[in-house]
Amino acid sequence: MPGIRAQRRTTHRARRRAARRHGLLAVASAVVAIGAAAGLIEAGQDDRRRTTAVPEPTPPPVLQPLPAVPTTRAPSPTASPSATPTPAPASPSPSPSPSASRTSAAPAQPSPTAPAPPPRNRLFRDPGSQVVQWVRANPDDPRRPLIESRIAAQPAAVWFAQYNPGEVAGEVRAVTRSAAAAGRTPVLVPYAIPDRDCGGASQGGAPDIAAYDAWIREFAQGLGAGPAIVILEPDAIALADCLTAEGRAARFAALARAGSTLRAANPKARVYFDGGHSGWHPPAKQAAALRAAGAATSGDGIFTNVANFRPTADERTYARQVLAALGGPSALGAVIDTSRNGNGAPAPGQWCDPEGRALGQPPTTQTGERLIDAYLWVKLPGESDGCTAAPGAFSPEYAHGLATG
């Protein structure tokens, strides 16, 4: 028996030594794997996946929300073989109730900064947009030449529609670096306000105001030092009537802080606040809400017609009326989404990929119009409202219709 016990002790010690060796090998392998992964992440920073969103238009006279369904920006330059990229689902985080999202403390508002210079004309075309990826993946499609020349070749906005703390700064930085390298100005759309879309199709966003404040600070870290245009939270002001008075006050205070934060992070960034559109609120009402949200002191102007179809002439008149009622510095201007307003608005109630629409004025910062800083494609033409394809997915059928309209 003593010999057997001694043999067992020897065997046990050998097993422990072997286990320690295996453990050390596992740790070393993990360190190597982590280092390799970090290297891949750093090397592929410009190809990180970003989100876009497709707000639906608001048909008058019923003032319905302008929901947006986030879609995933495909990595560049490799295109998916699918003709229609699969849209990413809306944020998995449930949209909190207005009362729940207003209870968190928020940091003090930064001091206002001087207005940025007017945007220059060379706007950024995102090489990873859905339409660009579709063009690459479908060289033999008969619709390709027209879609490529009339839509894919045009600069358009890049949306950031997911609440993704820890990631958004890098995603924004990838766009602004690419734009700076090309000598162009990016159009960026932060879209993560709490209670987004008032619980509608595009519900989601940050879980509360304090979380949003932190997310927008991260967003601002990615702005870099070059010129940029920021379309701050579509629908966040025009659609705020669904909130309680307390909820509106908290949201407007958060937007004022966001505008100041973005402008302080990059003095060359111009920040535009939600002006709705000419078929929605009267100019005086919209201006009052914009003033409460700090647009006159924390921004460079307003944006109108995002994802809608209102004629450009109507939007120019409306934007000037809102700016006049808003007051504030004389440098305040307006940008108008002209992505699919070439034939004006469809009949009331026809908002979902309506037929007979057309591309509008190509994107430019040289409008020749007083107080109108730019015509932009904020809504990405061809990304579906949900009828010709899944919401947010690129629809070559709808894109071709817009290109020929």
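Criteria and thresholds
- Residues numbered from 1 in each chain as written.
- Predicted model: local features only at pLDDT ≥ 70, side-chain atom pairs only at ≥ 80, totals over all residues.
- Heavy atoms only, no water.
- Disulfide = S-S within 2.5 Å.
- Helix = DSSP H or I, 4+ residues; strand = E, 2+ residues; numbered from the N terminus.
- Buried < 20%, exposed > 50% of the residue type's maximum accessible area, 1.4 Å probe, protein only.
- Salt bridge = Lys/Arg side-chain N within 4 Å of Asp/Glu carboxyl O.
- Axes fitted to C-alpha atoms, helices over the stretch in contact; angles between N-to-C directions.
- Parallel < 35°, antiparallel > 145°, perpendicular 65-115°, else oblique.
- Left-handed = near helix turned anticlockwise from the far one by under 90°.
- Contact = heavy atoms within 4.5 Å.
- Nonpolar A, V, L, I, M, F, W, Y, C, P; charged D, E, K, R; others polar.
- Right-handed = clockwise from strand over helix to strand, strands pointing away.
- Pairing = 2+ DSSP bridges.
- Arc of directions from axis to C-beta.

### Here we look at the state of the cysteines
Two cysteines form a disulfide when their sulfur atoms are joined by a covalent bond.
Part 1: This model, assessed by the stated rule, comprises two disulfides.
Part 2: One disulfide bridge connects Cys 198 with Cys 242, the sulfur atoms lying 1.6 Å from each other. Disulfide Cys 198-Cys 242: the torsion about the S-S bond is -65°, which places it as left-handed. Of this pair, Cys 198 sits in the loop between strand E4 (187–190) and helix H5 (209–221) while Cys 242 sits in the loop between strand E5 (228–231) and helix H6 (245–265), and the two are 44 residues apart along the sequence.
Part 3: A relative accessible area of 30% places Cys 198 in the partly exposed class.
Part 4: With a sulfur-sulfur separation of 2.0 Å, Cys 352 is cross-linked through a disulfide to Cys 387. Across the S-S bond of Cys 352 and Cys 387 the torsion is about 125°, and the bridge reads as right-handed. Of this pair, Cys 352 sits in the loop between strand E8 (333–337) and strand E9 (372–376) while Cys 387 sits in the loop between E9 and helix H10 (396–404), and the two are 35 residues apart along the sequence.
Part 5: Cys 352 gets classed as buried once you look at its relative accessible area, which sits at 18%.
Part 6: In this structure Cys 387 comes out as exposed when scored by relative accessible area, which is 51%.
Part 7: Each bonded cysteine in the protein gets a number by its place in the sequence, and the pairs come out as 1-2, 3-4.

### Here we look at the pattern of salt bridges
Part 1: One pass over the structure, following the stated rule, counts 10 salt bridges.
Part 2: With its nearest N and O atoms 3.2 Å apart, the salt bridge here joins Arg 144 to Glu 148. In this pair, Arg 144 and Glu 148 are both assigned in helix H3 (residues 144–152), four residues apart and thus about one turn of the helix distant.
Part 3: Connected via shared salt-bridge partners are Arg 316, Arg 320 and Glu 369.

### Notes on the packing of helix H7 (residues 283–292) against helix H9 (residues 312–326)
Part 1: One can describe the packing of H7 onto H9 by two numbers: an axis separation of 8 Å at closest approach and a directional angle of 55°. The orientation of H7 relative to H9 falls into the category oblique. When you trace H7 past H9, the crossing you get is right-handed. Touching Pro 283, Ala 284, Gln 286, Ala 287, Leu 290 and Arg 291 of H7 are Tyr 318, Gln 321, Val 322, Ala 325 and Leu 326, all from H9.
Part 2: Of the residues assigned to the contact of H7 with H9, the class counts are eight nonpolar, two polar and one charged.

### With respect to the environment of Phe 219
Part 1: Residue placement: Phe 219 occurs in helix H5.
Part 2: By relative accessible area, Phe 219 is classed as buried at 0%.
Part 3: A sequence separation of 59 residues divides Phe 219 from Phe 160, and the C-alpha atoms of the two residues are 9.1 Å apart.
Part 4: With sequence-adjacent residues up to four places away left out, Phe 219 is seen in contact with Phe 160, Val 168, Val 172, Leu 188, Pro 190 and Leu 262.

### Quick notes on the pairing of E4
A regular strand places its side chains so that they alternate between the two faces of the sheet.
Part 1: Residues Val 187 and Val 189 line one face of E4 and the alternating positions Leu 188 and Pro 190 line the opposite face, and both faces are buried.
Part 2: In this view, the connection linking strand E3 (residues 158–160) to its parallel neighbour E4 by way of helix H4 (residues 168–182) has right-handed handedness.
Part 3: Here two bridges tie E4 to E5, and the two strands are oriented parallel to one another. Bridged to Leu 188 within E5 is Val 230.
Part 4: Chirality of the crossover, the property in question, places the unit of E4, H5 and E5 among those that are right-handed.

### Examining H10
Part 1: Buried within H10 are the following residues: Pro 396, Tyr 398, Ala 399, Leu 402 and Ala 403. Taken end-on, H10 shows its buried residues confined to a sector of 160°, consistent with a single buried face.
Part 2: Those residues of H10 that are buried are in contact with helix H2 (130–137) and H3.

### Considerations on the sheet that holds E8
Part 1: Judged by pairing direction, the sheet is parallel, and its seven strands sit side by side in the order E3-E4-E5-E6-E7-E8-E9 without closing on themselves. Across the chains shown, the open sheet's two edge strands, defined by having one partner strand only, are E3 and E9. Neighbour-to-neighbour, the strand axes of the sheet open up by a mean angle of 25°, direction not taken into account.
Part 2: Here E8 runs beside E9; their pairing, made up of four bridges, is parallel. Bridge pairing links Val 335 to Ala 374 in E9.

Geometry only, nothing functional implied.
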